[in-house]
Amino acid sequence: MYQSHEYYLRKAIEISKESRESGNTPFGALLVNKEGDIIMEQPNIEITEKICTGHAEATLAARASHEYSKEFLWDCTLYTTAEPCAMCAGAIYWANIGRVVYGMTERRLLQLTGSHEQNPTFDLPCRDVFARGQKDIQVIGPVEEVEVEAAKVHEGYWD
């Protein structure tokens, strides 16, 4: 049974907390099938695995495209704590994931990270990236009810 966007985003926030606790940047994502089942979870892995593209969303999209068909993924939703960056939006596009729901905007993330060398954040909304493609990927976000919670995980990390 499908839950609310807030429910899944709060699960993604828990993943972002675990990511931070394990030595990675505080981001988390999960994939939900059309029935509402969480079928995949992914923290950031860029620091501990030393993979520059190890963002939660891009890693999840790569894993999902390996395990599921493009037709199946089109009916799935990727939930993420922060709006996907341009790289992650591209990975979501190529994986054929049909919907993205995020907690806080990339612009809000930029306010939190500043010019930190670990995360030189784009000011490029994922909607703009998807609009340049040929797929009608649905985007929902920011989700106001969890935006503050998503940002809170970053407090003190980028200092």
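Notes on the structure in this doc start here.

## A look at the packing of helix H2 (residues 56–67) against helix H4 (residues 86–95)
Two elements in contact, H2 and H4, have axes separated by 8 Å at closest approach and are oriented at 15°. If you check the angle between H2 and H4, you find them roughly parallel. Pair H2 / H4 crosses with left-handed handedness. Seen from H2, the contacting residues are Glu-57, Ala-58, Ala-61 and Ser-65; seen from H4, they are Met-87, Cys-88, Ala-91, Ile-92 and Ala-95.

## Overview of the side chain of Glu-46
Within the secondary structure, Glu-46 sits in the loop between strand S2 (38–43) and H2. Here the side chain of Glu-46 touches Asn-44 through a polar contact of 2.9 Å, side chain to side chain.

## Observations concerning the pairing of strand S4 (residues 99–104)
The buried fraction of S4 amounts to five of the six residues, a majority that puts the element mostly inside the structure. The pairing of strand S3 (residues 77–82) with S4 spans five bridges and is parallel. Counted as the bridge partner of Thr-80 is Tyr-102 from S4. The parallel pair S3 and S4, bridged by H4, forms a crossover whose chirality is right-handed. Bridging between S4 and strand S5 (residues 138–140) involves three bridges; their strand directions are parallel. Paired with Val-100 across the strands is Val-139, a residue of S5.

Analysis parameters
- Residues numbered from 1 in each chain as written.
- Predicted model: local features only at pLDDT ≥ 70, side-chain atom pairs only at ≥ 80, totals over all residues.
- Heavy atoms only, no water.
- Axes fitted to C-alpha atoms, helices over the stretch in contact; angles between N-to-C directions.
- Helix = DSSP H or I, 4+ residues; strand = E, 2+ residues; numbered from the N terminus.
- Parallel < 35°, antiparallel > 145°, perpendicular 65-115°, else oblique.
- Left-handed = near helix turned anticlockwise from the far one by under 90°.
- Contact = heavy atoms within 4.5 Å.
- Polar contact = N/O pair within 3.5 Å; in protein donor to acceptor, adjacent residues only side chain to side chain.
- Buried < 20%, exposed > 50% of the residue type's maximum accessible area, 1.4 Å probe, protein only.
- Pairing = 2+ DSSP bridges.
- Right-handed = clockwise from strand over helix to strand, strands pointing away.

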